Amino acid sequence: MTIAPHAASTLADSALPIFDAATSGVAGRAGLVLILLATASAAWWIARRRAARFRPTRTPRGAAGAPGPDRSDATLTGTELGAPLGSRATFVQFSAQTCASCPQVRRVLTSLAESEPGVVHIDLDAEAHMDLVRRFSVFRTPTVLLLDADGAVRARTSGPLTLDRALAALAPLPAPALRSTHV
Amino acid sequence: MSDSTPDLTARPAGVPAPPAGIDPRGPRFGAAVTAVLLVLTLLLGTGPAATALLTVIALLFLLGVARGVQGTLQGLAFRAWIRPRLAPPVELEDPRPPRFAQLIGLIVVGTGLVLAAVGVASAVPVAAAVALVAAFLNAAFGLCLGCELYLVLRRWAPQH
């Protein structure tokens, strides 16, 4: 255990005496490995529960933390997206080449857009739309924004997506027939 | 009045057709092998044996970066011994995400080895632990942590 007492390693070793004791034997190290794997599993489980459903986006005023530029425009237009919005709702998906679950989400939303009138699915290459990625604080792919008929972001989710979750997120948005008679 | 224009739902413009898909269970099997090797590294603690094993793991990652996950030793073992025993895959996976994750793994493990070479002995177990979390999550739950990092890293790049 006397390998070149370097500043950084001695700091790490002496700063954590319990850690030091645990790492001195194979049994201690095995315990640390188990704790590490259990922590990773718990973190994965919590993150998955959070991400699996659409969360309503807050009003633009309270939107996610930092007062970035143009915090007020939590609204997208067909021009910005390069495709017309749906008359009921638009799912905007941010995809990337290095994205394992993007194809699955794409399939779900494509079939949804085909079966639900007035619903459109727009798939964006995140790398080609870094302005939108920054503006909407997209940190992972796939991230899906749900826009209403006016292009306002109503909900968002990221990661794998089931058809049921997507339909549930769609439910609060009025169908186009209702809109046309009441507006 | 059809809102769901088919070409909008297809691949984003400018993105080339993805290369031929791979069996998604291949990378997961490979990650399981990597995870076992990383656990062994951690059990060895610090010292020449741990450093040597981590070097082997770094070379495996290097193969994955150079040839894709299907070209690694784990990938070859999967095709030779595991896949013939399994039912055909339900769906195929784009090989690029796991390949990018191999690069992240190589960077993590490589950083540990470089730091160990300049005298930071604890860098070996720390790097092995970080890589183990990623490999374990991939093997156990199919979560590709390295793939998730792609956009985060890309956001740091200068705007153009």
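About the cut-offs
- Numbering of residues starts from 1 in each chain and follows the order in which that chain's sequence is written.
- Both sets of labels track the order of writing: A upward for chains, 1 upward for ligands.
- Owing to the predicted nature of the model, reporting of local features is limited to residues with pLDDT of at least 70; listing and counting of side-chain atom pairs is limited to 80 or more, with chain, interface and lining totals taken over all residues.
- Just so you know, side-chain values use all the structure's heavy atoms and leave hydrogens and water out.
- UniProt positions are given in the numbering used here, feature names are shortened, and annotations may be inferred rather than shown by experiment.
- Strands are runs of DSSP state E lasting at least 2 residues, helices are runs of H or I lasting at least 4, and numbering of each runs from the N terminus.
- Pairing between strands is defined by DSSP: at least two bridges between the two strands are required.
- Should any heavy atoms of two residues lie within 4.5 Å, those residues are considered in contact.
- Axis definition: a line fit to C-alpha positions, over the contact stretch in the case of helices; interaxial angles, taken between N-to-C directions, run 0 to 180 degrees.
- For every residue, the accessible area obtained with a 1.4 Å probe (protein chains only) is divided by the maximum for its type, and the residue is called buried under 20%, exposed over 50%, and partly exposed between those limits.
- A pair is scored as a salt bridge if a Lys or Arg side-chain nitrogen falls within 4 Å of a carboxyl oxygen belonging to Asp or Glu.

1. Description of the UniProt feature "transmembrane region" (unreviewed entry) in chain B
Residues and elements named next belong to chain B.
At step 1: When the UniProt feature table is mapped onto this chain, "transmembrane region" (unreviewed entry) is found at residues 29-50, 103-124 and 130-153.
At step 2: This span, residues 103-124, is 77% helix and 0% strand, and a straight line between its end C-alpha atoms measures 18 Å.
At step 3: Note that residues 130-153 is 88% helix and 0% strand, and that its end C-alpha atoms are spaced 17 Å apart.

2. Remarks on the sheet that holds strand E5 (residues 153-158) of chain A
All names here are of chain A.
At step 1: Here we have 5 strands laid out as an open sheet, ordered E1-E5-E4-E2-E3, and mixed in their pairing. The sheet terminates laterally at strand E1 (55-56) and strand E3 (119-125), the two strands that pair on one side only.
At step 2: With 2 bridges connecting them, E1 and E5 associate as antiparallel partners. By the bridge assignment, Arg55 is partnered in E5 with Arg156.
At step 3: Contacting strand E2 (89-95), E3 and strand E4 (143-148), helix H5 (residues 102-115) crosses the sheet at an angle of about 165 degrees to E2.
At step 4: Along the sheet, helix H7 (residues 163-170) makes contact with E2, E3 and E4, crossing E2 at roughly 135 degrees.

3. Topic: the pairing of E3 of chain A
Side chains on a regular strand alternate between the two faces of the sheet.
Residue and element names in this part refer to chain A.
At step 1: The buried count for E3 comes to 7 of 7 residues, which makes it a mostly enclosed element.
At step 2: In E3, alternate side chains face the same way, and those of Val119, His121, Asp123 and Asp125 on one face and Val120, Ile122 and Leu124 on the other are all buried.
At step 3: Where E2 and E3 come together, 7 bridges link them in parallel fashion. For Ala89, the partnering residue across the bridge sits in E3 and is Val119.

4. Things to note about the pattern of salt bridges
Residue and element names in this part refer to chain B.
At step 1: Per the counting criterion, the structure on display carries 6 salt bridges over all chains.
At step 2: In this structure, Asp23 and Arg25 form a salt bridge, with 2.8 Å as the shortest nitrogen-oxygen distance.
At step 3: With a relative accessible area of 4%, Asp23 lands in the buried category.
At step 4: According to the relative accessible area criterion, Arg25 is partly exposed, its value standing at 28%.
At step 5: For the salt bridge of Arg83 with Asp23, the shortest nitrogen-to-oxygen distance reads 3.5 Å. In this pair, Arg83 is assigned in the loop between helix H4 (73-82) and helix H5 (96-117) and Asp23 in the loop between helix H1 (6-9) and helix H2 (25-44), connecting sequence segments 60 residues apart.

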